[in-house]
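These are the residues of each chain, in order.
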Amino acid sequence: MKKILFLCSQNKLRSPTAEAIFCDVDGWDVRSAGLNSGAQVYISSEDVEWAEYIFVMEQRHNKKLKQQFREHIKDQKIICLGIPDNYKFMDERLIEILNNKIPNYLN
């Protein structure tokens, strides 16, 4: 089972969309969280330690993750998807981008 964590700023649009579209993939255990204090689901050290793969939407998320959770990052693969905050939850274009990018890192 691949343990996959999707991160964005507020856990309202991009990362919950990724969680929603990949939650039923066989062999994938998926979570999402946000890195900002007002996030719908705020990231925890347990989330970071649990994950094998951590997908961040922007480079600034990568930087913030490493600053806040440096001691909890061990062998996780951290991948920046380069997806700006231009999409609504379950936006068709966002879904297409995620479907085109994510499997390339996991298969």
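Below you will find a few notes about this structure. (Residues numbered from 1 in each chain as written. Predicted model: local features only at pLDDT ≥ 70, side-chain atom pairs only at ≥ 80, totals over all residues. Heavy atoms only, no water.)

Examining the side chain of His-61
Checked against the element boundaries, His-61 lands in helix H3 (residues 59–69). In this structure His-61 touches Leu-7, Cys-8, Ser-9, Arg-14, Leu-35 and Val-56, once residues within four positions along its chain are discounted. (Helix = DSSP H or I, 4+ residues; strand = E, 2+ residues; numbered from the N terminus. Contact = heavy atoms within 4.5 Å.)

Some points on the pairing of strand E4 (residues 77–80)
Bridge analysis of strand E3 (residues 53–56) against E4 gives four bridges, and the strand direction is parallel. Across the sheet, residue Tyr-53 finds its bridge partner in E4, namely Lys-77. Since E3 and E4 lie parallel, the crossover through H3 that links them has a hand, and here it is right-handed. (Pairing = 2+ DSSP bridges. Right-handed = clockwise from strand over helix to strand, strands pointing away.)

Here's the deal with the pattern of salt bridges
As enumerated under the stated definition, the model contains five salt bridges in all. The salt bridge partner of Arg-14 is Glu-58, with a shortest N-O separation of 2.7 Å. Taken together, the residues span a long stretch of sequence, with Arg-14 in helix H1 (residues 14–22) and Glu-58 in the loop between E3 and H3 at a distance of 44 residues. The residues Arg-14 and Glu-58 share a single accessibility class, namely buried. For Glu-96, the salt bridge identified is with Arg-93, shortest N-O distance 3.2 Å. Taken together, the positions of Glu-96 and Arg-93, both in helix H4 (residues 92–106) and three residues apart, correspond to about one turn of that helix. Assessed through its relative accessible area of 42%, Glu-96 is described here as partly exposed. Where salt bridges share partners, they join Arg-14, Glu-58, Arg-60 and Asp-85 into one cluster. (Salt bridge = Lys/Arg side-chain N within 4 Å of Asp/Glu carboxyl O. Buried < 20%, exposed > 50% of the residue type's maximum accessible area, 1.4 Å probe, protein only.)

Focus on the nonpolar core
If you look at the biggest cluster of nonpolar residues, it comprises 19 residues, and the most contacted ones within it are Phe-6, Phe-55, Leu-98 and Ile-102. If you list the elements that add at least two residues to this core, you get strand E1 (2–8), H1, strand E2 (28–34), E3 and H4. If you tally residues by element for this core, the top one is H4, at five residues. For Ile-102, the contacting residues outside a window of four places in its chain are Phe-6, Phe-22, Trp-28, Phe-55 and Leu-81. One finds Leu-5, Leu-65, Phe-69 and Ile-73 within the second-largest nonpolar core, a separate group that totals 13 residues. (Core = buried A, V, L, I, M, F, W, Y, C linked by side-chain atoms within 4.5 Å.)

Points about H4
Look at H4: 22 Å from first C-alpha to last across 15 residues, which is about the 21 Å you get at 1.5 Å a residue. Burial in H4 covers these residues: Leu-94, Ile-95, Ile-97, Leu-98, Ile-102 and Leu-106. Where H4 is buried, its residues contact E1, H1, E2 and E3. For H4, the capping residue at the N-terminal end is Asp-91, with a side-chain oxygen 2.8 Å from the backbone nitrogen of Arg-93. (Expected span 1.5 Å × (residues − 1). Polar contact = N/O pair within 3.5 Å; in protein donor to acceptor, adjacent residues only side chain to side chain.)

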